[in-house]
Amino acid sequence: TQLLEQSPQFLSIQEGENLTVYCNSSSVFSSLQWYRQEPGEGPVLLVTVVTGGEVKKLKRLTFQFGDARKDSSLHITAAQPGDTGLYLCAGARLDSNYQLIWGAGTKLIIKP
Amino acid sequence: SQTIHQWPATLVQPVGSPLSLECTVEGTSNPNLYWYRQAAGRGLQLLFYSVGIGQISSEVPQNLSASRPQDRQFILSSKKLLLSDSGFYLCAWSPLGYGYTFGSGTRLTVV
């Protein structure tokens, strides 16, 4: 069974601080996606990383795909209250284009 | 542009009653469609996916079923709801191999 372990599960920090969320697996993925979800709504895709070692930046958010395509990280610089939400990572299986392996999520709270 | 509609937003149903949740997609043809369930504040569990009309794959044996009567319509059903069916249900579509677009979800409470 493929697993995608996401850490930390919960993070509460002050506005202006930096943070990193990790997704790790023993399996190789063809791509990895990051989503952000607010309460009562569906997840919204932030980024898809495809190439090993790839780094993508979205304003204050930096996403990295591990060289071996088994892990990924999300780094937020100078966090703001608007960054609060549930962050989910999801890996696309090599043997299936239709299914994603989901992390359990990181609940992030940024206090003003 | 592509949009996805899911309804209702909230639903309270008694144990043993039937269920029908509907999802429709606009602006694309032959999408891959998915039904997920999410426990409170946690990750997503894939329930069903469909790559075409009448084609349904089930990931988790349970009290639910899915149907795809039209290209852009995906329905989640149950004949008799259980308490354990409570949760947040999400419909999603994706182009092959790319990120998912999710509906706004249905909060189902079985009482």
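Residues numbered from 1 in each chain as written. Chains lettered and ligands numbered in written order. Predicted model: local features only at pLDDT ≥ 70, side-chain atom pairs only at ≥ 80, totals over all residues. Heavy atoms only, no water.

K.L.:
I'd like to hear about the overall build of chain A, residue by residue, with values.
P.N.:
Across its full length, chain A holds zero helices and eleven strands. Tracing chain A from N to C terminus, the helices and strands come up as β-β-β-β-β-β-β-β-β-β-β. Taking 13 Å as the expected radius of gyration for a compact globule of 112 residues, we find that chain A reaches 13 Å, a close match to that expectation. If you line up chain A on its principal axes, its C-alpha atoms span 45 × 30 × 20 Å. Relative to its full complement of 112 residues, chain A shows a buried share of 46%. Nonlocal contacts in chain A, meaning residues at least 24 apart in sequence, comprise 55% of its contacts between residues at least 6 apart. Counting every atom, chain A has about 5,400 Å² of accessible surface; 50% of that belongs to carbon and sulfur. Averaged over its 10 positive side-chain charges, chain A has a centre that lies 2 Å from the centre of its 10 negative ones. (Helix = DSSP H or I, 4+ residues; strand = E, 2+ residues; numbered from the N terminus. Rg over C-alpha atoms; globule rule 2.2 N^0.38 Å. Buried < 20%, exposed > 50% of the residue type's maximum accessible area, 1.4 Å probe, protein only. Contact = heavy atoms within 4.5 Å. Areas by Shrake-Rupley, 256 points an atom, 1.4 Å probe, with all protein chains shown as cover. Lys, Arg positive; Asp, Glu negative; His and termini not counted. Charge placed at Lys NZ, Arg CZ, Asp CG, Glu CD.)

K.L.:
Residues and numbers for the state of the cysteines, please.
P.N.:
The bond known as a disulfide is covalent and runs between the sulfur atoms of two cysteines. Using the criterion set out here, one finds two disulfides over all chains in the structure. Between the sulfur atoms of C23(A) and its disulfide partner C89(A) the distance amounts to 1.6 Å. An S-S torsion of about -90 degrees defines the bridge between C23(A) and C89(A) as left-handed. One end of the pair, C23(A), is in strand β3 (residues 19-24); the other, C89(A), is in strand β9 (residues 85-93), with 66 residues separating them in the sequence. Here C23(A) and C89(A) have matching classes, each one buried. The disulfide that involves C23(B) links it to C91(B), with 2.0 Å between the sulfurs. (Disulfide = S-S within 2.5 Å.)

K.L.:
A description of the interface of chain A and chain B should follow, citing residues and the corresponding values.
P.N.:
Listed per partner, the contact involves 21 residues of chain A and 22 residues of chain B. Contact between chain A and chain B buries roughly 1,700 Å² in total, counting both sides, with carbon and sulfur atoms accounting for 54%. Counting across the interface, chain A meets chain B through four residue pairs in polar contact (both at pLDDT 80 or more). Contributions of two or more residues to the side of chain A that touches chain B are made by β4 (29-37), β5 (44-49), β9 and β10 (100-102) of chain A. Here the side of chain A that touches chain B gets four residues from one element, more than from any other, and that element is β4(A). Across the side of chain A that touches chain B, the residue classes break down as nine nonpolar, eleven polar and one charged. (Buried area = accessible area lost by both parts, 1.4 Å probe. Polar contact = N/O pair within 3.5 Å; in protein donor to acceptor, adjacent residues only side chain to side chain. Nonpolar A, V, L, I, M, F, W, Y, C, P; charged D, E, K, R; others polar.)

K.L.:
Give a detailed account of the pairing of strand β8 (residues 73-78) of chain B, specifying residues and quantitative values.
P.N.:
Within a regular strand, side chains alternate between the sheet's two faces. All names here are of chain B. Within β8, five of the six residues are buried, leaving the element largely enclosed by the surrounding structure. In this structure, strand β3 (residues 19-26) lies alongside β8, joined through six bridges in antiparallel fashion. Bridged to T24 within β8 is Q73. By the bridge criterion, four bridges tie strand β7 (residues 65-70) to β8 in an arrangement that is antiparallel. (Pairing = 2+ DSSP bridges.)

K.L.:
Residue-level account of the side chain of Q73(B), with values.
P.N.:
All names here are of chain B. Tracing the chain through its elements places Q73 in strand β8. A polar contact is formed between the side chain of Q73 and the side chain of E22, at a distance of 2.6 Å. Not counting chain neighbours up to four residues away, the residues in contact with Q73 comprise E22, C23, T24, L33, S67 and R68.

K.L.:
For the environment of Y98(B), give the residues involved together with the corresponding values.
P.N.:
Residues and elements named next belong to chain B. Along the chain, the position of Y98 falls in the loop between β9 (87-94) and β10 (101-102). On the accessibility criterion, Y98 (56% relative accessible area) is exposed. A C-alpha to C-alpha distance of 23 Å links Y98 and S67, two positions 31 residues apart in sequence.

K.L.:
I'd like a description of the pairing of β9(A), backed by residues and values.
P.N.:
Residues and elements named next belong to chain A. The buried fraction of β9 is high, at eight of nine residues. Here eight bridges tie β4 to β9, and the two strands are oriented antiparallel to one another. Residue pairing in the sheet places R36 in a bridge with Y87 of β9. In this sheet, strand β11 (residues 106-111) lies alongside β9 in antiparallel orientation, the contact comprising three bridges. Bridging from a neighbouring strand, Y87 pairs with T106 of β11. Across three bridges, the pairing between β9 and β10 is antiparallel.

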